[in-house]
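Descriptive analysis of the structure
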Amino acid sequence: MRHEDIISAKQLSRADIEGVLDRAAEIAADPAAVADRHANALLGLCFFEPSTRTKMSFAAAIKRLGGDVVDMGTVESSSVKKGESLADTVRVVEGYADALVLRHPMEGSAQMASEFVDVPLINAGDGAGQHPTQTLLDLYTIREAAGLDDVSIGIVGDLKYGRTVHSLAHALTNFDATQHFVSPESLQLPRKVRYDLHEAGATIREHTDLDAIVPEVDVLYMTRIQEERFPDESEYREVAGEYRIDTTTLAAAADDLTVMHPLPRVDEIAPEIDDTDHAAYFEQAHNGVPVRMALLDLLLEAQS
Amino acid sequence: MRHEDIISAKQLSRADIEGVLDRAAEIAADPAAVADRHANALLGLCFFEPSTRTKMSFAAAIKRLGGDVVDMGTVESSSVKKGESLADTVRVVEGYADALVLRHPMEGSAQMASEFVDVPLINAGDGAGQHPTQTLLDLYTIREAAGLDDVSIGIVGDLKYGRTVHSLAHALTNFDATQHFVSPESLQLPRKVRYDLHEAGATIREHTDLDAIVPEVDVLYMTRIQEERFPDESEYREVAGEYRIDTTTLAAAADDLTVMHPLPRVDEIAPEIDDTDHAAYFEQAHNGVPVRMALLDLLLEAQS
Amino acid sequence: MRHEDIISAKQLSRADIEGVLDRAAEIAADPAAVADRHANALLGLCFFEPSTRTKMSFAAAIKRLGGDVVDMGTVESSSVKKGESLADTVRVVEGYADALVLRHPMEGSAQMASEFVDVPLINAGDGAGQHPTQTLLDLYTIREAAGLDDVSIGIVGDLKYGRTVHSLAHALTNFDATQHFVSPESLQLPRKVRYDLHEAGATIREHTDLDAIVPEVDVLYMTRIQEERFPDESEYREVAGEYRIDTTTLAAAADDLTVMHPLPRVDEIAPEIDDTDHAAYFEQAHNGVPVRMALLDLLLEAQS
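Cut-offs used in this document
Residues numbered from 1 in each chain as written. Chains lettered and ligands numbered in written order. Predicted model: local features only at pLDDT ≥ 70, side-chain atom pairs only at ≥ 80, totals over all residues. Heavy atoms only, no water. Contact = heavy atoms within 4.5 Å. Salt bridge = Lys/Arg side-chain N within 4 Å of Asp/Glu carboxyl O. Helix = DSSP H or I, 4+ residues; strand = E, 2+ residues; numbered from the N terminus. UniProt positions renumbered as here; feature names shortened; annotations may be inferred. Buried < 20%, exposed > 50% of the residue type's maximum accessible area, 1.4 Å probe, protein only. Polar contact = N/O pair within 3.5 Å; in protein donor to acceptor, adjacent residues only side chain to side chain. Least-squares fit on C-alpha atoms with pLDDT ≥ 70 in both. Pairing = 2+ DSSP bridges. Right-handed = clockwise from strand over helix to strand, strands pointing away.

**A few points about the interface of chain A and chain C**
The accessible area lost on association of the parts is a frequent measure of interface size. Tallying the contact residues gives 23 residues for chain A and 23 residues for chain C. Linking chain A with chain C are five salt bridges, by the criterion used here. Of the charged contacts, one joins D98 of chain A and R64 of chain C as a salt bridge, the two residues approaching to 3.1 Å between their closest N and O atoms. The set of elements that each furnish at least two residues to the side of chain A that touches chain C consists of β2 (68-71) and α3 (86-93) of chain A.

So this is what it looks like as structure tokens:
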């Protein structure tokens, strides 16, 4: 991998992705082997939006490599309140760290920020844009559960606004995966994303009925449907009910169906699924640690 | 000690308590001996309520053992804002850490959360419920100052709502301690707590007059009386004045009387006491570090 | 250096300052040599006000020395909300750490706090008072760029309220530096500061016209002029425009003019300056790490 910055899943080739996932698998198999590998490394955390799992798993990742973080803290406790520009903030913080992680509400912000700094910068979500490390941990989870080739994946829920979904769908075009998109009509894939996927040679199908695809897929990737996307609450509730899975919904599923979710979930997956062998969503969140360790290892290694 | 989770002081036997306190004393005597003992351990901090001393001393404890924390941050900066359940949050965070510390406003939350996770979980306060590590550091402080057997302890202030007091009082029933409870009538021990203490064979006395017990006790454990417990401010001020100590109040005390307070104090102990040999409340707060080091050491040791 | 606490730049002699700057230069030249120097040290961070660069660079500094932080967090997430006094808070936190860093909105707070604790305390800004580590990194930057003797420095902007400026100006009286102060009349140096500088034997000039001094100085130290200092917005905008530099303003400057700014900037320095050799403000922020490493090293060394 020859990238200094990780801005978008689109920049990653199949070989890049497999390089990260292979390294992550090695690390997961023997974490003690890397426990002091980057003992003097500091990772700068610049989170301009709330985050639990992304921020915590980046912190766990660098610490599991022997390094540490320097954290900007919340926007409220920082100079951003005094009107500092993003370009200035990241140019200051790069002096405190060996690599930066940036989450920012504005699409394109990570690309822009990366042009101002010399240390590697990882995009941890730029508004409606990209979130490439989420995509890598999703791919890792799919690969562990079902393989990435000759696999059939149902992606369910809000396909219109979900950056996680767009990023994953695009990355999957590097592999021999069939993608079934399931959503209410008002939340279908944006035309541009659909076009991009076709251009990349993806095999995709679009559906509105969840039950129809349950028996056909190896992986069901559920996403949260947000109430604020709907003009009124009753419409939201109807849709939310239709794209929710429980043991009844999954009665027709293959025994080895894998259920994923980027979390947090609200009501998309009934708690009764948690104790079944289908449930992979907590493991998926945990996979963020070895995957981010692998990525940080590759970036920091390339620096030194 | 064979407990995977530390939920309540009630679960700890006399032998458990003495095991933790003995280990804490060893550690306090020679902290350098354990400085790298848990060099790869990560402690997950899930604080759903503000905290200074509990959170900082857990962080100091794991760091003094060579480990580190991964911190969920404030509720405002986390996924909790997106409606995630506590059970989901702790199941995610357990993937980032080797043990969890939970503070949550809801009584019973720590017990519930512990049923969802496999790593050890320590209750750092669950609303009106338990706060067992506070009890352990209180016991450690009492043992250092006056011993835990053949000791007479005055517990003063808000005995109705104070979880710290209930927890300590119950733990003291494992020892040969006489407990004097001193409070205004409206803030006396709840009937249930009094009953539990009698059942456990406690020797207790209840008082409304602070001056009467000052000459009799080895330890005075002061607590904060909160204004919001009173219908009007004048009533509060009268009560607060009565259960406040200063050098005049302590004129009749034994020379080796030990004054404790879980802190923060507002006005319960006059600053003039700070410089006397009676004052043990800052040392008490500091004891949180070796006591939590001991507890973490025992839990992490049992895991590995 | 024989100071246990670093409260004010005024307490530092020329020899003290040179001792810190020399040590900082050594560390900057070979950071790996000190990477484990204070492996068991914990630095307590008590920030009662927002901060990005000061807090992050203290954290980076102690971590680059092999140590770690225990952070009180924001005031909102701490016991301060429960009415705890500053004296009590620092006496608790000193039990968790080997040294403390305090930022507090009240002038004099650091001095007061230092009287209550036994561990070294560093003032990281006390309201309109002092911020000695900012001064040290400013001096380090000036020394690297232009030397501290036989140097001419223009200090521009809000000279009335800026604690950074007062502190730097005073520290410069230890050296053979000529200071040109440039500000609108309403934001000139306070009479007391001017008097102190004269007493200390400073060579100072005061100006209202920025252009007049640009050709004469080796260093231009820009500061932020805050809108809230002006009765109306139009007056602010006129002043802000006059004390802003861009390539036109700097056309008459020496080739090796160094431009500094304590940051965050708003509009005082045009972005086009960033890519010129004049710009030293990001490097200045980055210098906070070796300078604070040097100071922490000296304080922790003296303790052990």
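**Thoughts on the UniProt feature "binding site: carbamoyl phosphate" (unreviewed entry) in chain A**
Following the UniProt record, one finds the feature "binding site: carbamoyl phosphate" (unreviewed entry) at R53, T54, R103, H131, Q134, L263 and P264 of chain A. Considering the arrangement of structural elements, one finds R53 of chain A in helix α2 (residues 53-64). The class of R53 of chain A is buried, set by a relative accessible area of 8%. Side chain to side chain, R53 of chain A and E84 of chain B meet in a polar contact 2.9 Å long. Structurally, H131 of chain A can be placed in the loop between β4 (121-126) and α5 (132-146). In this structure H131 of chain A touches T54, R103, N123, A124, G125, R163, S167 and R292 of chain A, once residues within four positions along its chain are discounted.

**Some thoughts on the relation of the copies chain A and chain B**
In this arrangement, two copies of a chain are superimposed by a rotation about an axis accompanied by a shift along the axis. The two copies are related by a screw operation: chain A maps onto chain B through 120° of rotation and 0.0 Å of translation along the axis, at an RMSD of 0.0 Å. What the superposition gives is, in effect, a three-fold axis relating one chain to the other. Mapped onto chain B, only 4% of the interface residues of chain A again fall at the interface, so the copies present different surfaces.

**Quick look at the pairing of strand β5 (residues 151-156) of chain A**
All names here are of chain A. Of all six residues making up β5, six are buried, and the element is well covered by its neighbours. Side chains V151, I153 and I155 project from β5 onto one buried face, and the interleaved S152, G154 and V156 project onto a second face that is buried too. Here β5 runs beside strand β6 (residues 177-182); their pairing, made up of six bridges, is parallel. Looking at β6, one finds that I155 is bridged to F181. Handedness of the crossover joining β5 and β6 through helix α6 (residues 163-172) is recorded here as right-handed. Judged from the four bridges that link them, β5 and strand β8 (residues 219-222) form a sheet pairing that is parallel. Bridge assignment links I155 to a residue of β8, and that residue is Y221.

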